[in-house]
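Spelled out, the chains give:
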Amino acid sequence: MRIAVPNKGRLHDPTIDLLEHAGLHLTDGADRKLYADTVDPDVTVLFARAADIPEYVADGAAELGITGLDQQRESGTDLTDLLDLEFGQCRLVLAAPEESAVESVADLEGGTVATEFPRITREFFAEQGVDVSVAEVSGATELTPHVDIADAIVDITSTGTTLRMNRLAVVEEVMASSVRLFAHPDAVDGEKVEQVRTALQSVVSAKGKRYLMMNVPEERLEAVEAVIPGLGGPTVMDVANGGDTLAVHVVVDERDVFETIAKLREEGASGILVTEIERLVE
Ligand SMILES: Nc1ncnc2c1ncn2[C@@H]1O[C@H](COP(=O)(O)OP(=O)(O)OP(=O)(O)O)[C@@H](O)[C@H]1O
Ligand SMILES: O=P(O)(O)OC[C@H]1O[C@H](OP(=O)(O)OP(=O)(O)O)[C@H](O)[C@@H]1O
Ligand SMILES: [Mg+2]
């Protein structure tokens, strides 16, 4: 089975990291190659441009592909979105020069919009019932409204720095995107596909979680259990030669850790350890 992954750009490194954390180690390096083997003899990684990955999967060159939802929408391919990998979060927005009269989508009627995403842009304006001409560019989109090529742009933003630097203001959000695991619709039920999906899911699930370990005097167990949030009950174990001390282990949301630790200490827990979790199969 083949997985198409970004060969360069901002999605390359986090995608390789994700595969590694999921246990799908690349055995022969990721640099400047078309293919790489993984520790699983049935899984090969195919490197391609983020924008080309949907086509690779649609054409059957790979059963799975990892790329941005924006790229899949722009490709017009019919793929199954198996899993949100929760990185590469960004928004496609309609933006116009800060000093321009464009304040709403309707203000662009009869105007020109420059973008690297012509399909998404056409669909957006068609849905809004606003007639524009779309100028397809392949980079530096933010400059086009300042050189009379376009009245507005549809482009990616995340921190907003690039728009601000180019004195552009958001008029409307077109879509939100993040990196997804896509499958060819005919491959969805494959056993290997499900194995890979589960492995990647386990890394995504673990990212926002922490593993807490602590010592608790037996008579404080109930009080400690009462302040532990979520994810089912804790694991409680005897401590060898520990008298009436118990070891309590539990998985909690990362954002709850700070508050939970304070409460655990109040209730008599000690020796509290917090660790990251590599994978969590729910
Ligand atoms: N600033 C950003 N923040 C978060 N995600 C982003 C950002 N810019 C792009 N992305 C996501 O990464 C994907 C690929 O962007 P990237 O810049 O790596 O590729 P590219 O510009 O198409 O690469 P190249 O043209 O060099 O092949 C985008 O389609 C989008 O999903
Ligand atoms: O809101 P911001 O945080 O400023 O991010 C937005 C910018 O990020 C992307 O460019 P990238 O850095 O990938 O460079 P590129 O134009 O070479 O693709 C995108 O094309 C925007 O220009
Ligand atoms: Mg880019």
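Residues numbered from 1 in each chain as written. Chains lettered and ligands numbered in written order. Predicted model: local features only at pLDDT ≥ 70, side-chain atom pairs only at ≥ 80, totals over all residues. Heavy atoms only, no water.

Q: Sorry, what's going on with the sheet that holds strand β14 (residues 245-253) here?
A: Paired through backbone hydrogen bonds, the strands of a sheet run either parallel or antiparallel to each other. Here we have four strands laid out as an open sheet, ordered β13-β14-β12-β15, and antiparallel in their pairing. A strand with exactly one partner marks an edge of an open sheet, and here the two such strands are β13 (235-238) and β15 (270-276). With strand direction ignored, the average angle separating the axes of adjacent strands in the sheet is 20°. When strand β12 (residues 209-217) meets β14, the two strands line up antiparallel, connected through nine bridges. When the sheet's bridge partners are listed, valine 216 is paired in β14 with leucine 246. (Pairing = 2+ DSSP bridges. Helix = DSSP H or I, 4+ residues; strand = E, 2+ residues; numbered from the N terminus. Axes fitted to C-alpha atoms, helices over the stretch in contact; angles between N-to-C directions.)

Q: What is the right way to look at the nonpolar core in this model?
A: Within soluble globular proteins, side chains that are nonpolar tend to cluster in buried spots. Ranked by internal contacts, the top residues of the largest apolar core, which has 30 residues, are Ile3, Ile66, Leu85 and Leu200. Residue assignment for this core shows that the elements contributing at least two residues are β1 (2-6), α1 (12-21), β3 (44-48), β4 (64-68), β5 (80-84), β11 (179-183) and α6 (191-207). It is α6 that provides the largest number of residues to this core, a total of six residues. Ignoring any residue separated from it by four or fewer positions in sequence, one finds isoleucine 3 in contact with Leu19, Leu24, Val43, Thr44, Val45, Leu46, Ala62, Leu64, Ile66 and Val196. With 28 residues, the next largest nonpolar core counts Ala48, Ile120, Val134 and Ala152 among its residues. (Core = buried A, V, L, I, M, F, W, Y, C linked by side-chain atoms within 4.5 Å. Buried < 20%, exposed > 50% of the residue type's maximum accessible area, 1.4 Å probe, protein only. Contact = heavy atoms within 4.5 Å.)

Q: Explanation requested: the UniProt feature "domain: ATP phosphoribosyltransferase catalytic" (unreviewed entry) in the chain in the structure shown.
A: Here, the residues flagged by UniProt with the feature "domain: ATP phosphoribosyltransferase catalytic" (unreviewed entry) are residues 49-201. With 26% helix and 31% strand, the stretch residues 49-201 has end C-alpha atoms that lie 23 Å from each other. (UniProt positions renumbered as here; feature names shortened; annotations may be inferred.)

Q: Could you clarify how one ought to interpret the site of ligand 2 in this entry?
A: Within the structure, ligand 2 sits among Arg10, Glu142, Ile156, Thr157, Ser158, Thr159, Gly160, Thr161 and Thr162. One of the backbone N or O atoms of serine 158 is found 2.8 Å from an oxygen atom in ligand 2. Threonine 162 places a polar side-chain atom, nitrogen or oxygen, 2.5 Å from an oxygen atom of ligand 2. When isolated, ligand 2 has an accessible area of 500 Å², and the protein chains bury 58% of it. Of all the cavities here, the one that holds ligand 2 is the largest pocket. Here the residues of the shell around ligand 2 sort into one nonpolar, six polar and two charged. (Near = heavy atom within 4 Å. Polar contact = N/O pair within 3.5 Å; in protein donor to acceptor, adjacent residues only side chain to side chain. Areas by Shrake-Rupley, 256 points an atom, 1.4 Å probe, with all protein chains shown as cover. 1 Å grid on protein atoms, 1.4 Å probe; cavity = no way out; pocket = protein on both sides within 12 Å on 5 of 7 lines; lining within 4 Å. Sits in = over half its atoms within 2 Å of the grid points. Nonpolar A, V, L, I, M, F, W, Y, C, P; charged D, E, K, R; others polar.)

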